[in-house]
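# Observations on chain architecture
Below, each chain spelled out in residue letters.
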Amino acid sequence: MKLLVAAHASEFVAFEPDIPGFDRLLTGVGKIPAAYALTRALCEGTYDEIVVVGTAGAIDPDLEGGIYDISATIQHDVKGLDGAFGQHVWLPARVDIATEGVVIATGDHFVDDADAVALIRGLDARMVDMESYALAWVAQQFDVPIRILRAVSDRAQDGATELWDDVVERCSHELRAKIRELYGV
């Protein structure tokens, strides 16, 4: 059995309630709700794989729209004891999950301005979201393989929050098609 995970109900709008071979988990938005919900699910059930679907902002100008596999996650809203941006006091700076894909920076706020994008790009991330780091870290603690698929919803620039509301349904349909392609259901 696989666990299909999304943070926001809008990201599941194109997914039928029952997909063969998958349980479904809606975590809530942000690192803490995501970590909590996934931890509970993994304590209550056994899964062969966690498959995360959702949206992300593209912060690399060369990254086109579409669906991307995430290869690694970092945090963009933390600083280490020495003040190093992107370093957590205790957690690893980076969680690797796949050999191919793009690096995503996770933080508990919606990135929608050029200054923040420039700072986060300095961490070598190409996308931003609000849950991937937490989900990948929890999956590793439970030794369950995780695949994170992110649909580009915006460019994480001025007005991105308004744009997300308009495109999330399209992204959900693209993600549903990708799950059908990858898993045959």
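This text gives an overview of the structure that appears in the document. In this text, all values refer to a predicted model and were calculated from it rather than measured experimentally.

### Description of the pattern of salt bridges
The tally for this structure, following the rule as stated, stands at 10 salt bridges. A salt bridge links Arg-40 to Glu-44; the shortest N-O distance between them is 3.2 Å. Residue Arg-40 and its partner Glu-44 are located together in helix H1 (residues 31-44), separated by four residues, close to a single helical turn. The salt bridge involving Arg-150 is made with Asp-129; its shortest N-O contact spans 2.8 Å. Placement of Arg-150 in strand S8 (residues 146-154) and of Asp-129 in strand S7 (residues 127-129) is noted, with a sequence separation of 21 residues between them. A relative accessible area of 6% places Asp-129 in the buried class.

### Description of empty space enclosed by the protein
The full count for this structure, using the stated rule, is one cavity of 30 Å³ or more. If you add up the space inside the largest cavity, you get close to 30 Å³. Broken down by class, the residue content of the lining of the largest cavity amounts to six nonpolar, one polar and three charged.

### Focus: the pairing of S8
For S8, the tally of buried residues reaches eight of nine residues, placing the bulk of the element in the interior. Here eight bridges tie strand S3 (residues 49-58) to S8, and the two strands are oriented parallel to one another. If you follow Gly-57 over to S8, its bridge partner there is Asp-154.

### Here we look at the packing of aromatic side chains
Taken as a whole and judged by the stated rule, the model has two aromatic pairs. Aromatic pair Phe-12 and Phe-15: ring centres 5.6 Å apart, planes at 70°, arrangement edge-to-face. The exposure classification of Phe-12 matches that of Phe-15, with both residues buried. Consider the rings of Phe-22 and Tyr-183, whose centres lie 5.5 Å apart with planes at 90°: the pair is edge-to-face. Highlighted residues: Phe-22 in strand S2 (residues 22-26) and Tyr-183 in helix H4 (residues 160-183), separated in sequence by 161 residues. Residue placement shows Arg-24 over the ring face of Phe-12; its charged tip is 4.1 Å from the ring centre.

The rules we used
- Residues numbered from 1 in each chain as written.
- Predicted model: local features only at pLDDT ≥ 70, side-chain atom pairs only at ≥ 80, totals over all residues.
- Heavy atoms only, no water.
- Salt bridge = Lys/Arg side-chain N within 4 Å of Asp/Glu carboxyl O.
- Helix = DSSP H or I, 4+ residues; strand = E, 2+ residues; numbered from the N terminus.
- Buried < 20%, exposed > 50% of the residue type's maximum accessible area, 1.4 Å probe, protein only.
- 1 Å grid on protein atoms, 1.4 Å probe; cavity = no way out; pocket = protein on both sides within 12 Å on 5 of 7 lines; lining within 4 Å.
- Points joined across faces, edges and corners; volume = space filled by probe spheres on them.
- Nonpolar A, V, L, I, M, F, W, Y, C, P; charged D, E, K, R; others polar.
- Pairing = 2+ DSSP bridges.
- Phe/Tyr/Trp six-rings, centres within 6.5 Å; stacked < 30°, edge-to-face > 60°.
- Lys NZ or Arg CZ within 6 Å of the ring centre and 35° of its normal.

Structural measurements only, silent on function.
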